[in-house]
Amino acid sequence: MRRFLLLIAAVALVAAAAPAQAGKTAKVDLGTSYYAPAKLTVKRGDKVRFTWHASFDLHDVNVESGPQRFKSPLQASGTWTRKFTKPGKYVLYCSQHSDMGMTLTVKKR
């Protein structure tokens, strides 16, 4: 019985030391003059992977309004990932294209 209790205690200790479940990763595409989707909702702790589709146009991701400010590199292709830790509504835009924007909502878990 004692060994059984020690085994249970060891399993509980390992489970407590394990990292918390990682959030999900949502995907946003950047095209000629758009973010797709234009509206997205994720949960706090989730990541968003922005993917530039190869073009001659440079794009970036900037916060017009929201709980946190950030900006991605200006690029024509590749990816950039951001983890969202502060809930709220983020209005995003491209500094190179005034008609290019999206709304990202981060909800509490």
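Let us look at the structure shown here.

Rules and cut-offs
Residues numbered from 1 in each chain as written. Predicted model: local features only at pLDDT ≥ 70, side-chain atom pairs only at ≥ 80, totals over all residues. Heavy atoms only, no water. Helix = DSSP H or I, 4+ residues; strand = E, 2+ residues; numbered from the N terminus. Buried < 20%, exposed > 50% of the residue type's maximum accessible area, 1.4 Å probe, protein only. Contact = heavy atoms within 4.5 Å. Areas by Shrake-Rupley, 256 points an atom, 1.4 Å probe, with all protein chains shown as cover. Phe/Tyr/Trp six-rings, centres within 6.5 Å; stacked < 30°, edge-to-face > 60°. Core = buried A, V, L, I, M, F, W, Y, C linked by side-chain atoms within 4.5 Å.

1. With respect to the overall build of the protein
Here is step 1 of the chain: Summing up its helical and strand segments, the protein has 1 helix and 8 strands in all.
Here is step 2 of the chain: In the protein, which comprises 109 residues, the share counted as buried stands at 28%.
Here is step 3 of the chain: Restricting to contacts in the protein with at least 6 residues of sequence separation, those with at least 24 account for 51%.
Here is step 4 of the chain: Total accessible area on the protein is roughly 7300 Å²; 56% of this is exposed by carbon and sulfur atoms.

2. Focus: the packing of aromatic side chains
Here is step 1 of the chain: The full count for this structure, using the stated rule, is 5 aromatic pairs.
Here is step 2 of the chain: With 6.3 Å between their ring centres and 45 degrees between their planes, Phe70 and Tyr90 make a pair best called tilted. One end of the pair, Phe70, is in the loop between strand E5 (62-65) and strand E6 (78-83); the other, Tyr90, is in strand E7 (residues 88-94), and 20 residues separate them in sequence.
Here is step 3 of the chain: You can call Tyr90 buried: its relative accessible area is 0%.
Here is step 4 of the chain: Taken together, the ring pairs in this structure connect Phe50, Phe70, Trp80, Phe84 and Tyr90 into an aromatic cluster.

3. Topic: the nonpolar core
Here is step 1 of the chain: One finds Val48, Phe50, Val61, Leu92 and Leu104 to be the most contacted residues of the largest nonpolar core, which totals 21 residues.
Here is step 2 of the chain: Among the elements that line this core, the one with the most residues is strand E8 (residues 97-107), at 4 residues.
Here is step 3 of the chain: For Leu104, the contacting residues outside a window of four places in its chain are Leu40, Val42, Val48, Phe84, Gly88, Lys89, Tyr90 and Leu92.

4. Some points on unusual backbone geometry
Here is step 1 of the chain: Omega for the peptide link from Ala36 to Pro37 comes to 5 degrees, which places this bond in the cis form.
Here is step 2 of the chain: Along the chain, Pro37 turns up in the loop between strand E2 (35-36) and strand E3 (39-43).

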